[in-house]
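Here is how the chains run, residue by residue.
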Amino acid sequence: MPPSALRSEPWYHRAFERVYLHVYPHRDDVEAERNTPAILDLLGVKANQRVLDVGCGAGRYARAMARRGIQVTGVDLSADLLEAAYEKSPDTPGRPTYIRTDMRHLPFFGQFEGAVSLFTSFGYFDSREDDLAVLQGVQRALVPGGRFLLDFLNAEQVRHGLEPASEATTDRFRLEIERWIDEDAPGGPRVHKRVNASWRDTGLEATSFEEQVRLYTGAEIDALLEEAGLELVGEPLGGFEGKAFAADAPRYVRIARR
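Computed from a predicted model, the values in this text were never measured in an experiment.

K.L.:
When you look at the overall build of the protein chain in this model, what are you seeing that I'm missing?
P.N.:
On a plain count of helices and strands, the protein chain comes out with eight helices and eleven strands. The globule rule puts the C-alpha radius of gyration for 258 residues at 18 Å, and the 18 Å found for the protein chain is close to it. Based on the C-alpha atoms only, the size of the protein chain along its principal axes is roughly 50 × 45 × 35 Å. Of the contacts formed within the protein chain by residues at least 6 apart in sequence, a portion of 67% connects residues at least 24 apart. Of the roughly 12,100 Å² of accessible surface on the protein chain, 50% is carried by carbon and sulfur atoms. Looking at charge distribution, the protein chain has the averaged site of its 32 positive side-chain charges lying 4 Å from that of its 41 negative ones.

If you want it as structure tokens, here you go:
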């Protein structure tokens with residue numbers, strides 16, 4: 001697989017534009033409504049308590065939590081996704097607050113009873129130190145005893161089940177998607193996804209972008225959480241429903257607390 005074209009800006013500055021929402025149409029408000037009760041139960045938070053959504057994107061989980069009386073603050077770097085979050089949230093009870101910021105520099109101190117990082121919104125950066133800075137910011141943002149839920153991929157399942165190429169069609173775009181793993185990437189292996197989007201009606205190219213995530217193992221995630229000053233709670237899970245993590249689990253869900 002050829003490497004992506006070199007860019008002067010990090011990949012995540014380009015990937016999370018409006019087209020991103022068409023790449024994952026199944027990651028919608030219906031899914032968020034289905035998963036949110038279990039997430040709040042794992043966090044141990046109740047109505048009127050505060051939750052920080054790190055990498056909130058277009059705010060589907062922030063809205064689902066707000067509908068249940070949670071005071072939600074969502075943070076994301078993407079202006080496009082935050083604009084979509086505002087557009088989708090005007091009638092949400094207890095409308096979430098959205099802040100544009102780099103997740104490595106969270107501007108909060110002891111303000112939240114809970115925090116979440118969902119749908120692999122972690123492992124984006126070139127260095128382990130930057131990923132650690134995200135978790136240290138979460139630790140600072142929590143009140144003592146506040147819980148953090150980190151929803152990450154299962155690295156071995158990604159290796160075994162990676163589909164090298166696929167195509168999809170949405171209401172507006174035709175998507176060509178390539179995936180590969182760079183086992184020799186500096187700092188550790190990374191999974192890559194390149195998306196080429198063309199307009200469905202004309203066939204002309206609309207945009208292209210790449211996503212990258214470091215393939216942290218469960219043990220490496222645990223070590224990062226502890227190094228950030230967070231205490232692991234219970235055993236890792238294979239999903240939000242509470243089933244214990246196993247080698248064939250699709251996700252690696254970890255609960256930790258300040």
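K.L.:
Mind showing me how you'd approach the sheet that holds strand E2 (residues 71-76) here?
P.N.:
Backbone-to-backbone hydrogen bonds pair the strands of a sheet. The strands run either parallel or antiparallel. Taken together, seven strands build an open sheet; the order of strands is E3-E2-E1-E4-E5-E11-E10 and the sheet is mixed. One side of each edge strand has no neighbouring strand; the edge strands of this open sheet are strand E3 (97-100) and strand E10 (231-237). On average, each strand axis in the sheet is tilted by 15° relative to the strand beside it, whichever way the strands run. Along the sheet face, helix H5 (residues 79-88) touches E2 and E3 and points at about 165° away from the line of E3. Relative to the sheet, helix H8 (residues 218-227) contacts strand E5 (142-153), E10 and strand E11 (251-257), its axis offset from that of E11 by approximately 20°.

Reading the values: the criteria
Residues numbered from 1 in each chain as written. Predicted model: local features only at pLDDT ≥ 70, side-chain atom pairs only at ≥ 80, totals over all residues. Heavy atoms only, no water. Helix = DSSP H or I, 4+ residues; strand = E, 2+ residues; numbered from the N terminus. Rg over C-alpha atoms; globule rule 2.2 N^0.38 Å. Contact = heavy atoms within 4.5 Å. Areas by Shrake-Rupley, 256 points an atom, 1.4 Å probe, with all protein chains shown as cover. Lys, Arg positive; Asp, Glu negative; His and termini not counted. Charge placed at Lys NZ, Arg CZ, Asp CG, Glu CD. Pairing = 2+ DSSP bridges. Axes fitted to C-alpha atoms, helices over the stretch in contact; angles between N-to-C directions.

Bear in mind that shape data such as this cannot, by itself, settle questions of function.
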